[in-house]
Amino acid sequence: MGQVMRRYGTAAGMAAIVVFFAVALPDTFLTLRNWLNISQQISMLAVVAVTMTVVMVMGDFDLSVGSMASLAGVVAAVAFTHGWPVWAGVGAALAVGLLGGLFNGLLVSVVGILPFVATLATLTMYSGFAFLMSGGKTIFGRDIPAAFSGFARGGITLGATDGRPLVLPWLTLLALGVTAAIWLVLEQTAFGRRLYGIGGNAVAARLAGVKVMRLRLLAFGFTGVGAATAGLMYAARVASANPTQGSGLMLTAIAAVFLGMTMSAFGQPRVLATLAGVVVLGVMDNGLTQLHVDSYVRDVVVGAIIVLAVSISAFGRRATGG
Amino acid sequence: MGLQAIWNLGEVLDVIRNTILTAARRALLATVATAFAATAALAAEKVAVITPYLAQPGTQFYVDAFKARAAELGWDVNVIDTAGDVAAVISRMEDVVNQGVDAIVINVDPAQVGAGLQAAADAKVPVFGMDAGTDPLIVANVTSNGYAMAAETSVYVANRIGGKGNVVMFTFDPFPPVQVRGVIAKAVFGNFPDIKVIDNVTPDVSDGGIADSRAKMEAILAANPEPGSISAVWAAWDQPALGALQAIEAAGRQNEGIVITGIDANPQARDAIATGGNFEASVAQDFAGIGRTTADTVAYVLGGGTLKQNVVYVPTKLITAANATDK
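Please read these numbers as outputs of a predicted model, since none were measured by experiment. (Residues numbered from 1 in each chain as written. Chains lettered and ligands numbered in written order. Predicted model: local features only at pLDDT ≥ 70, side-chain atom pairs only at ≥ 80, totals over all residues. Heavy atoms only, no water.)

*Asks:* Talk me through the packing of helix H4 (residues 65-81) of chain A against helix H11 (residues 212-238) of chain A; I want residue IDs and the actual numbers.
*Replies:* Residues and elements named next belong to chain A. Direction vectors running N to C along H4 and H11 enclose 55 degrees, while the axes themselves pass 7 Å from each other. Here H11 runs oblique to H4, going by the angle between their axes. Crossing hand, H4 versus H11: right-handed. Of the residues in H11, those in contact with Val-65, Met-68, Ala-69, Ala-72, Gly-73 and Ala-76 of H4 are Thr-223, Gly-224, Ala-227, Ala-228, Gly-231, Leu-232 and Ala-235. Along the lines of polarity and charge, the residues of the contact of H4 with H11 split into 9 nonpolar, 4 polar and no charged. (Axes fitted to C-alpha atoms, helices over the stretch in contact; angles between N-to-C directions. Helix = DSSP H or I, 4+ residues; strand = E, 2+ residues; numbered from the N terminus. Parallel < 35°, antiparallel > 145°, perpendicular 65-115°, else oblique. Left-handed = near helix turned anticlockwise from the far one by under 90°. Contact = heavy atoms within 4.5 Å. Nonpolar A, V, L, I, M, F, W, Y, C, P; charged D, E, K, R; others polar.)

*Asks:* Go over the environment of A:Asp27, please, and point to the residues and values.
*Replies:* If you trace the backbone, A:Asp27 turns up in the loop between helix H1 (2-24) and helix H2 (32-41). Note: C-alpha distance between A:Asp27 and A:Lys137 (110 residues apart in sequence) is 42 Å.

*Asks:* Any details on the nonpolar core? Residues and values, ideally.
*Replies:* Core analysis: the biggest nonpolar cluster contains 114 residues, and A:Phe21, A:Leu195, B:Ile104, B:Ile106 and B:Val113 have the highest contact counts within it. When residues in this core are grouped by element, the largest group, 13 residues, is from H11(A). Residues within four places of A:Phe21 in sequence aside, it is in contact with A:Phe29, A:Val283, A:Met284, A:Gly287, A:Leu288 and A:Leu291. Grouped together as the second largest cluster of nonpolar side chains are 26 residues, B:Ile230, B:Ala244, B:Ile258 and B:Ile260 included. (Core = buried A, V, L, I, M, F, W, Y, C linked by side-chain atoms within 4.5 Å. Buried < 20%, exposed > 50% of the residue type's maximum accessible area, 1.4 Å probe, protein only.)

*Asks:* Quick rundown of the sheet that holds strand E11 (residues 311-314) of chain B? Include the residues and the values.
*Replies:* Pairing between the strands of a sheet comes from backbone hydrogen bonds, and it takes one of two forms, parallel or antiparallel. Residues and elements named next belong to chain B. The strand order across the open sheet formed by 6 strands is E2-E1-E3-E4-E5-E11, and the pairing between neighbours is parallel. At either margin of the open sheet sits one strand with a lone partner, and together these are strand E2 (76-81) and E11. Taken over all neighbouring pairs, the strand axes of this sheet differ in orientation by 20 degrees on average, direction set aside. For strand E1 (residues 46-51) and E2, the ladder comprises 6 bridges, and the chain directions are parallel. Bridge pairing in E2 links Ala-48 to Asn-78. (Pairing = 2+ DSSP bridges.)

*Asks:* Describe unusual backbone geometry, and please don't skip the residues or the numbers.
*Replies:* All names here are of chain B. For Asp-131, which is not glycine, the phi dihedral falls at a positive 55 degrees. With respect to the element layout, Asp-131 can be found in the loop between strand E4 (127-130) and strand E5 (140-144). In this structure, Ala-265 takes a positive phi of about 55 degrees despite not being glycine. Take Ala-265: it is sitting in the loop between strand E9 (259-261) and helix H10 (267-274).

*Asks:* Describe in detail the sheet that holds strand E7 (residues 194-201) of chain B, supporting the description with residues and values.
*Replies:* Residue and element names in this part refer to chain B. Strand order in this open sheet of 6 strands is E7-E6-E8-E9-E10-E12, and the pairing throughout is mixed. Every interior strand has two partners, whereas the edge strands, E7 and strand E12 (317-319), have only one. Geometrically, the sheet is characterised by an average inter-axis angle of 20 degrees between neighbouring strands, direction not taken into account. Direction of pairing for strand E6 (residues 164-170) relative to strand E8 (residues 232-235): parallel, over a ladder of 4 bridges. By the bridge assignment for E8, Phe-170 is matched with Ala-235. Relative to the sheet, helix H7 (residues 176-190) contacts E6, E7 and E8, its axis offset from that of E6 by approximately 170 degrees. Helix-sheet contacts for helix H8 (residues 210-223) involve E6, E7 and E8, and the interaxial angle to E6 is about 150 degrees.

*Asks:* Give me the interface of chain B and chain A: which residues, what numbers.
*Replies:* On the side of chain A, 31 residues touch chain B, which itself brings 32 residues to the contact. Summed over both partners, the interface of chain B with chain A comes to about 2900 Å²; 54% of that surface belongs to carbon and sulfur atoms. Linking chain B with chain A are 2 salt bridges. Two residues, A:Arg237 and B:Glu94, come together in a salt bridge whose shortest N-O distance is 3.3 Å. Across the contact surface, chain B and chain A share 19 residue pairs in polar contact (both at pLDDT 80 or more). Counting only elements with at least two residues in the side of chain B that touches chain A, the list comes to helix H1 (2-31), E2, helix H4 (86-99) and helix H5 (114-122) of chain B. Here the element with the most residues in the side of chain B that touches chain A is H4(B); it accounts for 11 residues. Counted by class, the side of chain B that touches chain A contains 17 nonpolar, 6 polar and 9 charged residues. (Buried area = accessible area lost by both parts, 1.4 Å probe. Salt bridge = Lys/Arg side-chain N within 4 Å of Asp/Glu carboxyl O. Polar contact = N/O pair within 3.5 Å; in protein donor to acceptor, adjacent residues only side chain to side chain.)

*Asks:* An account of the confidence of the model for chain B is needed here, citing residue identities and associated values.
*Replies:* The share of residues in chain B with pLDDT of 70 or more is 87%, and the mean pLDDT across the chain is 88. Note that pLDDT drops below 50 for residues 33-42 of chain B; the model gives that stretch 8 contacts with residues more than four away or on any other chain. (pLDDT = per-residue confidence, 0-100.)

*Asks:* Go over the packing of aromatic side chains, please, and point to the residues and values.
*Replies:* Residue and element names in this part refer to chain A. Throughout the structure, instances matching the rule amount to 9 aromatic pairs over all chains. Site record: aromatic cluster; members linked through ring pairs are Phe-20, Phe-21, Phe-29 and Trp-35. In this arrangement the basic side chain of Arg-270 is found over the ring face of Tyr-196, its NZ or CZ atom lying 4.4 Å from the centre. (Phe/Tyr/Trp six-rings, centres within 6.5 Å; stacked < 30°, edge-to-face > 60°. Lys NZ or Arg CZ within 6 Å of the ring centre and 35° of its normal.)

*Asks:* Quick rundown of helix H6 (residues 146-160) of chain B? Include the residues and the values.
*Replies:* Residues and elements named next belong to chain B. Here H6 contains 15 residues, and its C-alpha end-to-end distance of 21 Å stays within 8% of the 21 Å for a straight helix at 1.5 Å per residue. Where H6 is concerned, the buried positions are Gly-146, Met-149, Ala-150, Thr-153, Ser-154, Tyr-156, Val-157 and Ala-158. One side-chain oxygen at the N-terminal end of H6 lies 3.0 Å from the backbone nitrogen of Tyr-147; it belongs to Asn-145. (Expected span 1.5 Å × (residues − 1).)

*Asks:* Now, about the pattern of salt bridges: what can you tell me, with residues and values included?
*Replies:* Applying the stated criterion across every chain, the model contains 13 salt bridges over all chains. Among the ionic pairs, B:Asp296 bridges to B:Arg69, the shortest N-O distance being 2.6 Å. Of this pair, B:Asp296 sits in helix H11 (residues 287-302) while B:Arg69 sits in helix H3 (residues 57-73); the two residues are 227 residues apart in sequence, bridging distant segments of the chain. You can call B:Arg69 partly exposed: its relative accessible area is 21%. Taking the shortest distance from any N to any O, the salt bridge between B:Glu280 and B:Arg160 comes out at 2.8 Å. Pair noted here: B:Glu280 is in strand E10 (residues 279-284) and B:Arg160 is in helix H6, with a separation of 120 residues, a long-range link. Each of A:Asp285, A:Arg298, B:Arg92 and B:Asp95 takes part in a single network of salt bridges with overlapping partners.

Below you can see the structure in the form of structure tokens.
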């Protein structure tokens, strides 16, 4: 019984949330248009959360992802103001993401600082770089090429309803692509299995010949690139960049991974479970907005749901002694 | 036969789904839905107000006044604060468009929420700006007239010094809303043959603008040591005016009759003006008026009216020692 509750309690809760909105909003919630909207709205969070999963598999964290997302947007925007083509600006931002991620990995694995402390420090550093590069201002308008911001507005047209086009957004497809890639890496490669091994028992993994230091370093690289990708998606969506715009992503991404962990077999972070966590958070935002629920009440409700899901999972674990 | 089985299965699933949905709908209607039904009055105009900046004092004035006017009009208003997250403004715009609101009011730079404006335009939902900025996809932006505010204070200065004397200007051209103020002040002073603009300073605003303005003003005072060699300081916003005031007082030249004016009438400026010192005037925007006028503008358009202009200005008020402490 406890086992069942632990495995499927969260899934049942998620289904209940969807049913609730479907009933309360019969005309608008279960429409394809609304779900395409939701998919686009959660695409940035999905990329951050899914790549965050890579380090959380080892029991680590990356608190710097929000700052990195802001920094990546600013790097691209500043590159654009200097007349760089879109591919070069995007490439520079992703390179910064990779370097920043590897630097986190270096501090955690080679130097041996606790991830919480190391990435808290780099959070501050990357945020400082973002302020320095942008001069604290929002970069927008003619400085942002239409080809860049257009990516976040476009997609594959599926058809039309009510005289409005139905579009499968590029942002959604990008998030799905990143999710698929990380799923492959974590679930289908030796690299991924070793990361889970480190998460299970780092000492045992090292004794078994796993190169723990190198793997941890690389894992943080994934998270850095993911954060930078999300930052670029955000910058494209708002057609501007400012040094704080990504800061909301970090805590929400960690919350999504935790929410997902309550669904997986041994309470481990899993990519698809993380994605489910992201979807729930997105659905809550979308549904509660349509139901007129006050923005501040919305925050309370979302937090309470996370507490509830993790509590049920904890009870389930105690009941099964697992 | 296989196809038939799948077909039947699909039908069965549909029946199950419909049964569950119907049952759930009934249960919900009996319990929770009444709460929502109470807020969603039938036939009322549904208007969403979306801002990332609700925590800022000015925004609260707009929103409260907007809600008060909307209540008189019998509207169903949904105020959404995204707590600084501009991308979330786009998401929430998409949500309320999908929900079928009659109008959206935003309080954010339209250049940053183009995707949301497009979603609203596709669904033919009109979007209004409440001190937001202009955009082809915004029906009208309701705001204060920066040209008029600068005219108020520059004419105040010119009249106070009898159309004669040396004036120091503090302007800031990189920020368009402030740049227009400087343009007007220059034109006004240029129209008085005996007024001479001896310095036009662009202060460094990275520290808030007061400290650097004070330093610049100290240098100007040192370069013009004769009493009466500076008649007035005109500042395009309050911070440089406060910095200039500090410099004049620190130099012990507060009794030379140097007239200082600012714009915005922030609390610190109001305090300085109320004491009756050199800082004599500023201009207050009517935030509540902007909120009320936005509601009236939305009502006009929803009632079938067409606006020719895409900016609606709300009058501002000159603040002097006579009314600086009024609320």
